[in-house]
Structure formats: C-alpha cells, structure tokens
Amino acid sequence: MSASNLELDNTAKAYDGLKVLHDVSFAVSPGEVVALVGHNGAGKTTIMKLLLGLIRPTSGSVQVLGHDPAGSNAAQARLGMGFLPETVSFPANMTGREIMNFYARLKRQDRSDNDRLLETVGLADASDRRVKTYSKGMRQRLGLAQALIGSPRVLLLDEPTTGLDPTLRRSFYDTIMSLKDEGVTVLLASHALSEMESRVDRIAIMSKGRLMADGSMTDLRKKAQLPARIRLTTDDGAAGRAAEHLQGADIRHVNGRTVEFDCASENKMELVRRVTDIGVTIEDMEIELPNLDRIYELYQDSGEASS
Amino acid sequence: MNALLAIAGQEIRDGYRNKWIIAMTLLLAGFALTLTLLGSAPTGTVGTNSLLVTVVSLSSLTIFLIPLIALMLSYDAVIGEIERGTLLLLLSYPLARWHAIGGKFLGHLSVLAFATIVGYGSAGAVLVFQGVDADNANWFSFAAVIGSSVLLGAAFLAIGYLISTIVKERATAAGIAVAVWLLFVLIYDMALLGLLVADGGNGIGESVFNALLLANPTDAYRLFNLAGFEGMATFTGTIGLSANAEFSPLSLLGVQFGWIIVPLGLATWLFQRKEI
C-alpha cells in the first residue's frame, strides 16, 4: 500500500496504436492540491479518464485510493471520488435539487447534505429552478456541487473555473483550500495558469502525452533556470549609464529613466549593487520572477523539440 | 440495483418533464380512437364483432408507429450522452456499466408501456362505453395486442441501444435508426413477397420462409396477433402468409423476447468494452 491517494506508475495509453500518453509516473498525497497543465490534447483528460477507470492503460498501472479504478473494486474507489468534467451538462428540464438528489442516490448518500452543498456553491436560491434557466457559471457550480457529494477523498476537476467570475473563482479556491485542510487530494486540470500558481502545492506540466515537469513553483523556477526580469527607474538621464555597467545581463529596453533587463535570479542583487556603486540613484525597482506562463511555454517548446 | 432504479427513475422523470410521455400517449390514443370509431361504423351494420376489428387495426398501427417511437427514444441514449459529456459524469459514479443501459431500458420501457396501455386502453374504454358485444376471448386478444405491442417496443428500444453503442456520431445513429425502421416495417415484407412471386413458390422451402418471417420482429408480432388466435385469421389479409406458418403463440412470444434479449445483451456487452 502506498501513502498516496492516487498514483500513475509508468502509465501509457494508446488508441489504435497512436500513443496519447507516454509512460507517465506521478502520485498525489492526501491533502495535496496538484495542477495538471498542458495544451489541448496533451493528455490531461486521458489521465482523468484513467483515474476514473473509464479507459484502461495500455501499459503500466493506475491506483486510486488503493484500488485499480478499472478493476473489480472500481465502485469502492469511485465512492471516494468526485469528478467535474470539462464540459458539464445536465438534463435541462430537471431542477438543480433534483439533479443533486439523483447523483446523491447514485453515490449512496443521503440527500440531506445536498442543501449544504448547494449553499457552498451559491446555488441555494436557484435550487428549485430548472437547469435550462441556469447561466454557464451556475451550471459549472452545480457541476462542482455534484463532485462534492459524499465528502470525496479524491477530487478530479477538469477546467473547474471556466465561466466563473473573479469573485466566484476566489470562493471556488477557498472551497478547495478548506477541502485540502481536511486531507482531500485535489487534481486540477486547467489553462488558467496565473490563478493557480499561487494556490496549488505542485504543478505537473504535460506536453504531447509526456510529463515534462512536476514540482512546486519554486522547484520549477529553479529547474527551468529562467531569468528574472528587472526594471530599474533611475534619476533623469542615468539609465543609459546604468545599462553600460550591467555586463552579463540581457538588456531588453532602455530609455531616459528606465532600464529593463533579464538576469539569472541569483545574480540580481550583484547587478543592482553595481549600478548603485557608480553613483546612479535608483528611485524604483520592480522584480518579476518567472511565472507559470513562462515556465509553461518553455516546457511546451522543449516538448515540441523532443517529438 | 439502486443505481438501476435511480437511472430508470431519471429517464421517466425526464420523459414526463419534456412532454414526451404526454405527446406519445395522445398520439397513440388519437390513432387508436380514430381507427376504433371509423372501424366500427361500417362493420357495426353487418354485425361483425368490432373488438376483433379493433385488435386488427391496433396491431397494424403498432407495426408502423411503435418501432418508430422506440427508435426515437433509444437511438440517442448512448451516443447522445457521450456527445453531451453526461455519460462521462454518470460513469464516474460507483455503478456498473450495465446499470446505465439497463436503467435506461427500464425507464424508456416504462414510458413506452404507459403510453401504449393508456393510448390503446382508451380505445378499449370507448368500446365498453358503446356496449360492444365481446366475449372474454376477444378481450384476451385485446390485452394480448397491448402486451405484445409493448414487447415490440422493447425490441426496438434494444435495437436502438445497439445502434447507439456501435456508432461514433449521433447523426449516424439517427440515419441507421431510420434505415432499420424502413427495412423492418416497409421493405422487408415487400421483399419477401417479391421473393415468393419471383420464385413461384418452388425453390424456397416452407421452413426457409418461416425462418425469414421470424427474422423480422414486426412479422413475429404480426403472426402472434393475427394468426395466433382463433377467429382472428378470418379478418385479416395476411392469411395467405400465415396459413403456411405454423407457430404456436408461445413460440412466437419466445421469438419476441429473443428480439429484446439478443440486441440488448449485445449492446450491453459492447458498451462494457467501449472506451468513452
């Protein structure tokens, strides 16, 4: 028995000989929130389907809550799982409450908890209206509510924040964080890189069916060795002089008062000191560490190169 | 078991909400009443038992309408849910795959049975109200036509699920469903007759002909209702066909069940292996 709630071990998947997933190994522990990022067709949804047992791996193994999700104990594993598909749709003529009752019954749960879940996602007032009157965001939230039925220990969420406005996004992540504190494993597949990078424990980057990187934001920054971008604002006219003394930095832009350059993260203090040493007054300094977008692009490019 | 009933219940509720049930019931009742009332006007004068005439009319109506309704209910059941993404969500729940198809079948069958029983039953009620002269055997035939119509519907539901499981696109399923309806309801009998005429009744043996009749669920249904009961054959134009066919009602009923179980079993088997 492993300590992780979900685990892929050298898992590969091919459809009619076409490989969509190449020997991916990764595991997620209880209480961990992991983002799965990658372009369309990178294998994110394939991983979700493997974890749900909807498809079987061509080679390698898949484990969820200690069971093979496509094996004979699959129902046991699925009782402890919640899933939000990428495109969520419900019978248009049912009310939100009826849909929750239906799914609660399938999950062998009492329907009494449904009111609380509808409240959590902010649909309490709309619960007796038919789904066809719901907006895209409301359907998405109903999708989230059904994923939370029965207090799952593993949550698989495919593009959970599409159609949500910024306020709802924040409350969505609040919900995720409180679930994390309860020890729930959360796997988020998403394109919304910027909103995730500060909120997840780990990020797994997929490209063309391969796992390109897997680690915390700090790990990824270190591994990617992407430069930090620094913008200095000096007193009038000194920017050109400052730029001349920034050997080893990649100057991107100079004009009268500001100079913008890229440099290795560990050199940034040294370079700034050099500028002050020659008597240039620094009025303002902005440091932009490589964000997930840039790291992501780097791995996408290397994914292209390796295939 | 719980999952099976939950899914069946969901289908019934959906059929009720989107007005399918009421539309089908009204359609069947409308046709049944029209046939009954028009049918009894000319025959009443010559004193023919109008309940039997009604049974013959209803069975002809069934052959055209019930397969069509059943296919419309079922062709979308699997592929439509795959395209809408709802099947992905459903199968992420702790249930076996056969629950999904079995539940849908139970739900759709309930909807179809309700519409048939209420629709055709209304024709029976009108006949009782008119004081029809009929004995118990006639009422048994009337009950049998309703019961076997539901069985015929079940067979075409099962065929619809099979179509829905095999195809990769919803539009293909719709096309195949129409083709299946045309084949079994219209073309098959004409082709069979043509074959007989061309053959001159020599080459094709009786057993081959009988086997060909059973290879179409609507013919099995027709034989069951029109030839299976005494006194019925005299009213029908299919005597020529059924005189040669010597089937007991029980074996015809068996064939009807076979037309449910085989496609449904095949659909379930394929669905278990399908990668969503």
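Scroll up for the structure.
Note that this is a predicted model, so its numbers are computed, not measured.

Rules of the game
Residues numbered from 1 in each chain as written. Chains lettered and ligands numbered in written order. Predicted model: local features only at pLDDT ≥ 70, side-chain atom pairs only at ≥ 80, totals over all residues. Helix = DSSP H or I, 4+ residues; strand = E, 2+ residues; numbered from the N terminus. Buried ≥ 20, exposed ≤ 12 C-beta atoms within 10 Å, placed from the backbone. Contact = placed C-beta atoms within 7 Å. Nonpolar A, V, L, I, M, F, W, Y, C, P; charged D, E, K, R; others polar. Core = buried A, V, L, I, M, F, W, Y, C linked by C-beta atoms within 7 Å. Pairing = 2+ DSSP bridges. Axes fitted to C-alpha atoms, helices over the stretch in contact; angles between N-to-C directions. Parallel < 35°, antiparallel > 145°, perpendicular 65-115°, else oblique. Left-handed = near helix turned anticlockwise from the far one by under 90°.

Caption draft 1: Up close: the overall build of chain A. Each helix and strand in chain A was counted, giving 11 helices and 13 strands. Along the three orthogonal principal directions, the C-alpha set of chain A runs to about 75 × 45 × 30 Å. In chain A, which comprises 307 residues, the proportion classed as buried is 40%. Considering only residue pairs separated by 6 or more positions, chain A has 67% of its internal contacts joining residues 24 or more positions apart.

Caption draft 2: Local environment of the overall build of chain B. Within chain B, the regular secondary structure consists of 12 helices and zero strands. The linear arrangement of helices and strands in chain B, starting from the amino end, is α-α-α-α-α-α-α-α-α-α-α-α. Within the span of chain B, comprising 276 residues, buried residues form 43% of the whole. Taking the intrachain contacts of chain B between residues at least 6 apart in sequence as the baseline, contacts between residues at least 24 apart amount to 84%.

Caption draft 3: The interface of chain A and chain B, seen in detail. Contact residues are listed per partner, giving 21 residues for chain A and 19 residues for chain B. Considering every element that reaches the side of chain A that touches chain B, the biggest residue donor is helix H3 (residues 96-106) of chain A, with four residues. Here the residues of the side of chain A that touches chain B are counted per class, giving 14 nonpolar, three polar and four charged.

Caption draft 4: Layout of the nonpolar core. In terms of nonpolar packing, the biggest core is built from 149 residues, with Leu36, Leu156 and Leu188 of chain A together with Ala158 and Tyr161 of chain B touching the most fellow members. When near neighbours in sequence (up to four residues on either side) are disregarded, Leu156 of chain A contacts Met48, Leu51, Leu52, Met81, Phe83 and Leu187 of chain A.

Caption draft 5: Representation of the sheet that holds strand S11 (residues 250-255) of chain A. All names here are of chain A. Spatially, four strands are ordered S11-S12-S10-S13 in an open sheet, and the strand pairing comes out antiparallel. Since the sheet does not close on itself, it has two edges, and those belong to S11 and strand S13 (282-288), each with one partner. Across this sheet, the average inter-strand angle for adjacent strands is 15°, counted without regard to direction. Together, strand S10 (228-234), strand S12 (258-263) and S13 form the strand contacts of helix H10 (residues 268-277), whose direction differs from that of S13 by roughly 165°.

Caption draft 6: View of the environment of Asn5 of chain A. Residue and element names in this part refer to chain A. In this fold, Asn5 is placed in the segment before strand S1 (6-15). Separated by 23 residues in sequence, Asn5 and Val28 have C-alpha atoms that sit 6.0 Å apart. With residues near it in sequence (within four places) discarded, Asn5 still touches Val28, Ser29, Pro30, Leu65, Arg153, Val154 and Thr185.

Caption draft 7: Fine view of the packing of H3 of chain A against helix H1 (residues 2-17) of chain B. Across the interface, H3 of chain A lies against H1 of chain B with an axial gap of 9 Å and an inter-helix angle of 160°. With respect to H1 of chain B, the axis of H3 of chain A lies roughly antiparallel. The handedness of the crossing between H3 of chain A and H1 of chain B comes out as left-handed. Counted together, Phe102, Arg105 and Leu106 of chain A of H3 of chain A and Asn2, Ala3, Ala6 and Gln10 of chain B of H1 of chain B form the full contact between these two elements. Residue classes in the contact of H3 of chain A with H1 of chain B are distributed as four nonpolar, two polar and one charged.

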